Amino acid sequence: MLDALLKVAGSTEPGFARKIVKWAITCAADGRFTGVIPLSEGKGQEYSHCPNLRFSELVGGGGSRSHFLVEGLSTLALYWKDDTEQKEQEKNHAKHKYFCSLLESASLDAPYLKAGAEMLKDEETLIAIQADLKRQKAKSTETATIMVNGINPLERDDWKNWWRKFRQTLQTPKPTTSKMRCFASGELVEPLMTHPKIKGLAGVGGLGMGDVLIGFDKDASQSYGLEQSANAAISEDAATAYTETLSGLIRDKGIKFGGAMITYWFLDSIPDEDDPFPWLTEPPEQTSAVAELKASQLLRAIKEGLRPDLAGNRYIALVLSGAAGRVMVREIMEGLFEILVANIEKWFSDLAIVSREGDRLVPFPKFFSVANAIEFLSKDGNILRNINDVPPSLISGLLRAALTNGMIPASAMSRALMRIRADFVAARPPLEVRFSIIRAYLKRKGDQNMGTYLNKEHPHPAYHCGRLLAVFARLQRAALGDVGAGVVQRYYAAASQTPGLILGRLATNAKNHLGKLEGGLAWWYENLIADVMGKIKNDMPRTLTLEEQSLFALGYYQQLAALNAGKGEKSENIADNDNNKEGTK
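Residues numbered from 1 in each chain as written. Predicted model: local features only at pLDDT ≥ 70, side-chain atom pairs only at ≥ 80, totals over all residues. Heavy atoms only, no water.

**Q** Looking at this structure, I do not really get the overall build of the chain. What am I missing?
**A** Looking only at helices and strands, the chain has 21 helices and 14 strands in total. Within the span of the chain, comprising 585 residues, buried residues form 51% of the whole. Partitioning the intrachain contacts of the chain with sequence separation of at least 6 by distance along the chain shows that 72% fall at a separation of at least 24. Counting every atom, the chain has about 27200 Å² of accessible surface; 51% of that belongs to carbon and sulfur. (Helix = DSSP H or I, 4+ residues; strand = E, 2+ residues; numbered from the N terminus. Buried < 20%, exposed > 50% of the residue type's maximum accessible area, 1.4 Å probe, protein only. Contact = heavy atoms within 4.5 Å. Areas by Shrake-Rupley, 256 points an atom, 1.4 Å probe, with all protein chains shown as cover.)

Here it is, written out as structure tokens:
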């Protein structure tokens, strides 16, 4: 993973980092305050080469230190909320003083910075700055820099040599000068003892200040008498490169799903329109069917040699989360670009399922909808409907299935099955995507007889048991009309587990229902029941395993769709469709 990150790392240098800056506090050449201006709409302006200190450099030295040129408004302008504790205010005052001292020191190389320091040191000017920030509704957590007489130092290089030399004075003397082999580059280097932090995982268990990918702060994690990150020797250059690159990937391509963050990259850059990952997630303007078509076209172009730029390219995808200040790498997937596209096309193909009306296929669900359809129960039995409650392990399993043509997690199938049963008991039509998940699970387990539509020749009796329940339910409706709790609501859960016991009783009731129908319709239902029973023969299962229950569910659903398509019973499906549309949002 480190090697793949370093291959796509751009220009990085220890002591510098990419930062987003919201505000500029401006002054004239004589230090006179001239106003606070937003550098950009939204979150702010991004600068790729801002001065930066590692956490160990910030807290070292026994006093409060601040970053140079870019800091939070609470440090740079002493701008904070009224309820900020006195201790925190004193800490910010100390950091503000340090920030001004850095400007004065750097003014030896960049003289205009002296005016910025004079502006920030003047108490009356600080009050004016705070008033301007309040007027513009700035937040104390937002970042800012200074701008002197129209000069933005973040756009200049005149202070950088001073900064490099100054930063060297902050380095803690190393306990050993022996060189070690770098895990990332393979070169002999002096290992960096504490690595920079990865940013962007605060929403998935990480810390706002960042999390370390490589760190050894516990004695139990250290070997051979080596201290801290010397246990996985990496140079400062390589550590800066992988940290900046991974933080950038999380920021630019990170996709948050539940308690996990997914990010990815290609070893060779590709056009945005050929990037297949958005097809899986949240394509705002294109349907999944279009995405599947795009995948097919791209594969054909690669095979015919029309896109040599894509052939041989490789992708790397990570599933990350934060835990106690550390980056947890839950999953690493990598492979050829063309195989990735083929697997995504297969993902859509395996999820395909007939609609409840039986006259078309359901639009392919987005990855979010698939994960969201597998609802979980809390300890008190309530359904967790928030995508953030989906366990990261399930997100990893589903993503692995989509990208590598792997197995659908058994837990996803069983929970989808559980939700289908619960919906039937509550007289609520299950989401169609839940049947998509079960079909994809069975397909990838090797059931090549499981089609998108009804398969009257499926070899397993559990499938036909589900069909039989659908026919009994429809027969009852034809004979008695709406009787409140119907066959499905009352018997689905039991029939899907012990069909030998339940379907026999329903067959007896079916004779009574047939007697209430007129000749032609009764004859039609009688033949249909005989046809389904003929597929079961004498193999009516007494009980069904969990996997056989999934066959039962699809047999029921696909038979229902076939009946709807044949009868044209649209009215009862209007509510069903509304339910599914709501569930896939």
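**Q** What exactly am I supposed to notice about helix α4 (residues 86-106) here?
**A** One turn of an α-helix holds 3.6 residues; hence residues three or four places apart share an orientation. With 21 residues, α4 ought to run about 30 Å at 1.5 Å a step, and its terminal C-alpha atoms sit 30 Å apart, in line with that. Taken residue by residue, α4 has Gln89, Asn92, Lys95, His96, Tyr98, Phe99, Cys100, Leu102, Leu103 and Ala106 as its buried positions. Turning to α4, the residues buried within the fold contact β5 (71-72), α3 (73-76), α5 (113-121), α6 (123-135), β6 (143-148) and α7 (160-168). (Expected span 1.5 Å × (residues − 1).)

**Q** Where do I start with the nonpolar core in this structure?
**A** Side chains of a nonpolar character, in soluble globular proteins, are inclined to be buried together. Counting 97 residues, the largest nonpolar core has Trp347, Leu403, Ile438, Leu469 and Tyr492 as the members making the most contacts within it. Sorting elements by how many residues they give to this core places helix α16 (residues 461-480) first, with 11 residues. Beyond its immediate chain neighbours, meaning those up to four positions away, tryptophan 347 contacts Leu280, Phe367, Val370, Leu398, Ala401, Ala402, Ile408 and Arg444. (Core = buried A, V, L, I, M, F, W, Y, C linked by side-chain atoms within 4.5 Å.)

**Q** Got a minute to help me understand helix α11 (residues 337-351) in this structure?
**A** Between the first and last C-alpha of α11 there are 21 Å, a value that for 15 residues agrees with the 21 Å anticipated at 1.5 Å per step. Residues of α11 that are buried include every one of Phe337, Leu340, Val341, Asn343, Ile344, Trp347, Phe348, Asp350 and Leu351, and no others.

**Q** For this particular structure, what's the right way to read the environment of leucine 113?
**A** Relative to the helices and strands, leucine 113 resides in helix α5. The buried category is assigned to leucine 113, whose relative accessible area is 0%. C-alpha separation for the pair leucine 113 and methionine 147, spaced 34 residues apart in sequence, amounts to 8.7 Å.

**Q** Which parts of the structure should I look at to understand the pairing of strand β10 (residues 260-266)?
**A** Consecutive side chains of a regular strand alternate in pointing toward one face of the sheet and then the other. Of all 7 residues making up β10, 7 are buried, and the element is well covered by its neighbours. Where strand β9 (residues 255-257) meets β10, 3 bridges bridge the pair, whose relative direction is antiparallel. Looking at the pairing, phenylalanine 257 lines up with alanine 260 of β10. Counting the residues between successive antiparallel strands, the hairpin from β9 to β10 contains 2 residues, one of them, glycine 258, with a positive phi of roughly 55°. Where β10 lies against strand β11 (residues 314-323), 6 bridges are found, and the strand directions are antiparallel. Bridged to threonine 263 within β11 is leucine 318. (Pairing = 2+ DSSP bridges.)

**Q** Even after reading the chapter, I still don't get the environment of tyrosine 453, so can you show me in this structure?
**A** The residue tyrosine 453 is located in the loop between α15 (432-444) and α16 in this model. The exposure class assigned to tyrosine 453 is partly exposed, which follows from its relative accessible area of 38%. Sequence separation of tyrosine 453 and threonine 245 is 208 residues, and the distance between their C-alpha atoms is 46 Å. If sequence neighbours within four positions are ignored, tyrosine 453 has contacts with Val354, Gly358, Arg360, Leu361, Tyr463 and Gln558.

**Q** What am I meant to see in the sheet that holds strand β3 (residues 33-38) here?
**A** Hydrogen bonds along the backbone pair up the strands of a sheet, which may run parallel or antiparallel. Read from one edge of the open sheet, 4 strands run β3-β2-β6-β5, paired in mixed fashion. If you trace the sheet from one side to the other, it starts and ends with β3 and β5, each paired once. As judged from the 2 bridges shared by β5 and β6, these two strands associate in the antiparallel manner. The residue bridging glycine 72 from the neighbouring strand is threonine 143, located in β6.

**Q** Just checking my understanding: could you explain the packing of aromatic side chains for this structure?
**A** By convention here, two paired aromatic rings are described through the distance between centres and the angle between planes. This model, assessed by the stated rule, comprises 19 aromatic pairs. Their ring planes at 20° and their centres at 5.6 Å tell us that phenylalanine 68 and tryptophan 163 sit as a pair that is stacked. With phenylalanine 68 in the loop between α2 (55-59) and β5 and tryptophan 163 in helix α7, this residue pair connects regions lying 95 residues apart in the sequence. With a centroid separation of 6.2 Å and 35° between ring planes, the pair formed by tryptophan 347 and phenylalanine 367 is classed as tilted. Of this pair, tryptophan 347 sits in helix α11 while phenylalanine 367 sits in helix α12 (residues 367-373), placing them 20 residues apart in sequence. Each member of the pair, tryptophan 347 as well as phenylalanine 367, is classed as buried. Each residue in the set Phe16, Phe68, Trp159, Trp162, Trp163 and Phe166 is aromatic and connected to the rest through ring pairs, giving one cluster. Positioned over the ring face of tryptophan 23 is lysine 22, at 5.5 Å from the centre of the ring. (Phe/Tyr/Trp six-rings, centres within 6.5 Å; stacked < 30°, edge-to-face > 60°. Lys NZ or Arg CZ within 6 Å of the ring centre and 35° of its normal.)

**Q** Explain unusual backbone geometry to me, please; I cannot follow it from the model alone.
**A** Only a minority of non-glycine residues have a phi that is not negative, and only a minority of peptide bonds are not trans. In this structure, lysine 137 is a non-glycine residue whose phi angle is positive, near 55°. Mapped onto the secondary structure, lysine 137 falls in the loop between α6 and β6. Not every positive phi belongs to a glycine, and alanine 427 is a case in point at roughly 55°. Examined against the element boundaries, alanine 427 turns out to sit in the loop between α14 (410-425) and α15.

**Q** Help me out: how do you make sense of the packing of α5 against α6 in this one?
**A** Two packed helices can be described by the angle between their axes and the distance between those axes. In contact at an axis separation of 5 Å, α5 and α6 are set at 85° when each is read in the N-to-C sense. Our classification of the angle between α5 and α6 gives roughly perpendicular. When α5 is examined against α6, the residues Met119, Leu120 and Lys121 are found in contact with a partner set consisting of Glu123, Thr125, Leu126 and Ile129. In terms of residue class, the contact of α5 with α6 is built from 4 nonpolar, 1 polar and 2 charged. (Axes fitted to C-alpha atoms, helices over the stretch in contact; angles between N-to-C directions. Parallel < 35°, antiparallel > 145°, perpendicular 65-115°, else oblique. Nonpolar A, V, L, I, M, F, W, Y, C, P; charged D, E, K, R; others polar.)

**Q** Explanation requested: a negative patch on the surface in the structure shown.
**A** A contiguous patch of negative charge on the surface is contributed by Asp82, Asp83, Glu85 and Glu88. Tracing the sequence through the fold places aspartate 83 in the loop between α3 and α4. With a relative accessible area of 65%, aspartate 83 lands in the exposed category. (Patch = residues over 30% accessible without salt bridge, like charges linked within 9 Å, V, L, I, M, F, W, Y side chains within 5 Å. Salt bridge = Lys/Arg side-chain N within 4 Å of Asp/Glu carboxyl O. Lys, Arg positive; Asp, Glu negative; His and termini not counted. Charge placed at Lys NZ, Arg CZ, Asp CG, Glu CD.)

**Q** Explain the sheet that holds β10 to me, please; I cannot follow it from the model alone.
**A** Pairing within the open sheet is antiparallel, and its 4 strands lie in the order β9-β10-β11-β12. The sheet is open, and its two borders are formed by β9 and β12 (326-336), each paired with just one other strand. Pairwise comparison of adjacent strand axes, ignoring direction, gives a mean angle of 25° for this sheet. Helix α8 (residues 236-253) rests against β9, β10 and β11 of the sheet, and its axis sits at about 105° to β10. Strands β9, β10, β11 and β12 of the sheet are contacted by helix α13 (residues 392-404), whose axis makes an angle of about 10° with β12.

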